[in-house]
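Structural description and commentary
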Amino acid sequence: MSTDKKIFTDSGIEIKELYNQPINRNEMPGEFPFTRGVQPNMYRGRLWTMRQYAGFSTAEESNQRYHYLLSQGVNGLSVAFDLPTQIGYDSDHALADGEVGKVGVAIDSLEDMEILFKGIKLDEVTSSMTINASGFILLAFYIALAKKQGADLKKISGTIQNDILKEYAARGTYIYPPKASMRIITDIFEWCAKEVPKWNTISISGYHIREAGSSAVQEIAFTLSNGKAYVKAALAKGLDINVFGKRLSFFFNAHNNLFEEVAKFRAARRMWATIMKDLGATDNKAMMLRFHTQTGGSTLTAQQPFNNISRVTIQTLAAVLGGTQSLHTNGYDEALSLPTEEAAATALRTQQIVAFESGAPDTVDPLAGSYFIESLTDEVETAAWKLIEKIDAMGGSVEAIEQGFMQDEIAKSAYEYQRQIENEEKIIVGVNKFQAEETTTIPVFKVDEKVQTVQMEKLKALKAKRNNDKVSTSLKTLHQKATSGENIMPAVLEAVENYCTLGEISDELRKVFGEYK
């Protein structure tokens, strides 16, 4: 029985009742344009990296959680930083008041970094750090610690998010104006290529664009457009696209519409390969879109929180069927608080069940050739190219952000999504349908208010015992390098090794670059 009811994906792509047109595409995994995956054998060769994003309170408490996660089978750490750290303020700054250690760990100096990774050898784990405006300082802390541990810097691997453009468009934790921020990012590209060649210097993030309310199509269009802007900035600095292109990585969201999400990941790979080729890349590895996925935080509900385990499972499957390189799964209680240890363990077990019990990783690109998936991949791609063409016509991502284009498009999408929920055009189980009287017994994880006092005391003690002459000399050097246009990373590393704080380094550069308002 046929119906006339129209059904659309979250991006507004109409879904037909039946798909049966043949797809004549002879693409192979591991080969350009990588629609089917970046490795010929995908998860048969090696499973995705199971990361759990964690960080809260003090470095001491976060270090305990990391040891717990490693004991549970995590093979990559992912660090969350508190808001003051993200926007370049020490814990004793007036604007840090009430925020220290709340949404992530407070890191004020190399001393905190030493505590954060105590008992963890940096050449034996990969670390992902979700940090943008102050990412260059956190990278310097990490490298300085690796040097102190005696690690071979050529073997250190991990990622800093370092994606400032999406901060202006969707999230708001920026410090310096866009052009100064782009200069810092290309300094990182250049310095890491020489000093830490295995480090992924940027994770171009669609995650926060989606969390701000974008559709799946907007998520990849805006993210790839931002990626293009970074590549052009690096090319303008004279860097080799075949070298730095291999160190670019991406970070995407996984939502509940299973098939649209799989199509999104496949389309994104194909599009990025085309973009890089057009910009002059000739090395296949520089054209591959490698990405980390996190399940959708904004899809989690405070109502009937255990339903979130099912949502996270669907999202995990979407990421795996879509060919992710690493994955973080959210805790079921995250609409209520930071995840408890139990919720974090359940989230990790979800990945392990998909990996070892579901059969999803047993063959490469298992949904390839599905009439529906192949058609949807094409339609997502077509819609995303249209948005990228609009951004290109404005002069690229920086201009599109300065004109408010991306922000407006995301706001319209978020409004439409909310309107559909309120009109019950879109059903959210437990929220606008199948509600129940609830008395939640789920324990809520709370960060102790004393954390701020502890951090302030540590800062006071550090400033009393360090060599303050070396501190002022290294800050002067940093100022000179920033003013002259030289690469700032060697000066940042020297400042960090002399125990200059995150806030002191950020402030020195505020004097040179100003602040973005």
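Quick look at the structure, then. (Residues numbered from 1 in each chain as written. Predicted model: local features only at pLDDT ≥ 70, side-chain atom pairs only at ≥ 80, totals over all residues. Heavy atoms only, no water.)

For the rest of this paragraph, the subject is a nonpolar patch on the surface. A cluster of nonpolar side chains, contributed by Ile 427, Val 429 and Phe 434, occupies part of the molecular surface with about 270 Å² of accessible area. One can find Phe 434 in the loop between helix H16 (405–422) and helix H17 (451–465). (Patch = residues over 30% accessible without salt bridge, like charges linked within 9 Å, V, L, I, M, F, W, Y side chains within 5 Å. Areas by Shrake-Rupley, 256 points an atom, 1.4 Å probe, with all protein chains shown as cover. Salt bridge = Lys/Arg side-chain N within 4 Å of Asp/Glu carboxyl O. Helix = DSSP H or I, 4+ residues; strand = E, 2+ residues; numbered from the N terminus.)

Within this structure, the stated rule accounts for 20 aromatic pairs. Between Tyr 168 and Tyr 174, the ring centres sit 5.1 Å apart and the planes meet at 20°, which makes this aromatic pair stacked. Take Tyr 174: its relative accessible area is 25%, and that puts it in the partly exposed class. One aromatic cluster is present, built from ring pairs that chain together Phe 250, Phe 252, Phe 265, Trp 272 and Phe 291. (Phe/Tyr/Trp six-rings, centres within 6.5 Å; stacked < 30°, edge-to-face > 60°. Buried < 20%, exposed > 50% of the residue type's maximum accessible area, 1.4 Å probe, protein only.)

Here we come to the pattern of salt bridges. Throughout the structure, instances matching the rule amount to 35 salt bridges. Among the ionic pairs, Lys 426 bridges to Asp 10, the shortest N-O distance being 2.7 Å. Placement of Lys 426 in the loop between H16 and H17 and of Asp 10 in the loop between strand S1 (7–8) and strand S2 (14–15) is noted, with a sequence separation of 416 residues between them. Exposure remark for Asp 10: the relative accessible area of 26% places this residue in the partly exposed category. Among the salt bridges present, the one from Asp 187 reaches Lys 237, with a minimum N-O distance of 2.3 Å. Of the two residues, Asp 187 is situated in helix H6 (residues 178–195) and Lys 237 in the loop between helix H8 (216–236) and helix H9 (241–244); the sequence distance between them amounts to 50 residues. Via salt bridges that share partners, Glu 27, Arg 270, Asp 378 and Glu 381 belong to a single interconnected network.

All right, on to the nonpolar core then. Membership of the largest hydrophobic core comes to 117 residues, with the highest contact counts inside it found for Met 113, Phe 117, Met 129 and Phe 136. By residue number, the principal contributor to this core is helix H4 (residues 135–148), which donates eleven residues. Apart from residues no more than four positions distant in its own chain, Met 113 is found in contact with Ile 107, Met 129, Leu 138, Phe 141, Tyr 142 and Leu 145. In terms of nonpolar packing, the next biggest core, distinct from the first, is built from 18 residues, Tyr 43, Val 74, Val 262 and Ala 318 among them. (Core = buried A, V, L, I, M, F, W, Y, C linked by side-chain atoms within 4.5 Å. Contact = heavy atoms within 4.5 Å.)

A cis geometry characterises the amide bond from Phe 32 onward to Pro 33, with omega recorded as 5°. Structurally, the position occupied by Pro 33 is in the loop between S2 and strand S3 (49–54). For Met 42, which is not glycine, the phi dihedral falls at a positive 40°. By secondary structure assignment, the location of Met 42 is in the loop between S2 and S3. In this structure, Tyr 499 takes a positive phi of about 65° despite not being glycine. Of note, Tyr 499 is situated in the loop between helix H19 (489–497) and helix H20 (502–513).

Our next topic: the side chain of Lys 228. Within the fold, Lys 228 resides in helix H8. Aside from chain neighbours lying at most four places away, what touches Lys 228 is Trp 272, Ile 275, Leu 279, Ile 388 and Asp 392.

Of note, Ile 309 is situated in helix H12 (residues 307–321). A sequence separation of 38 residues divides Ile 309 from Ala 347, and the C-alpha atoms of the two residues are 7.6 Å apart.

Before going further, it helps to examine the packing of H4 against H20. Look at H4 against H20: their axes get within 10 Å of each other, and the N-to-C directions meet at 140°. Classified by the interaxial angle, the pair formed by H4 and H20 is oblique. By crossing handedness, the relation of H4 to H20 is classed as right-handed. Of the residues in H20, those touching H4 at Phe 136, Ile 137, Leu 138 and Phe 141 are Leu 502, Ile 505, Ser 506 and Leu 509. In terms of residue class, the contact of H4 with H20 is built from seven nonpolar, one polar and no charged. (Axes fitted to C-alpha atoms, helices over the stretch in contact; angles between N-to-C directions. Parallel < 35°, antiparallel > 145°, perpendicular 65-115°, else oblique. Left-handed = near helix turned anticlockwise from the far one by under 90°. Nonpolar A, V, L, I, M, F, W, Y, C, P; charged D, E, K, R; others polar.)

Examined against the element boundaries, Asn 242 turns out to sit in helix H9. A polar side-chain atom of Asn 242 sits 2.9 Å from a polar atom in the side chain of Thr 282. If we skip the residues at most four places from it in the chain, Asn 242 touches Ala 281, Thr 282, Asp 283 and Ala 286. (Polar contact = N/O pair within 3.5 Å; in protein donor to acceptor, adjacent residues only side chain to side chain.)

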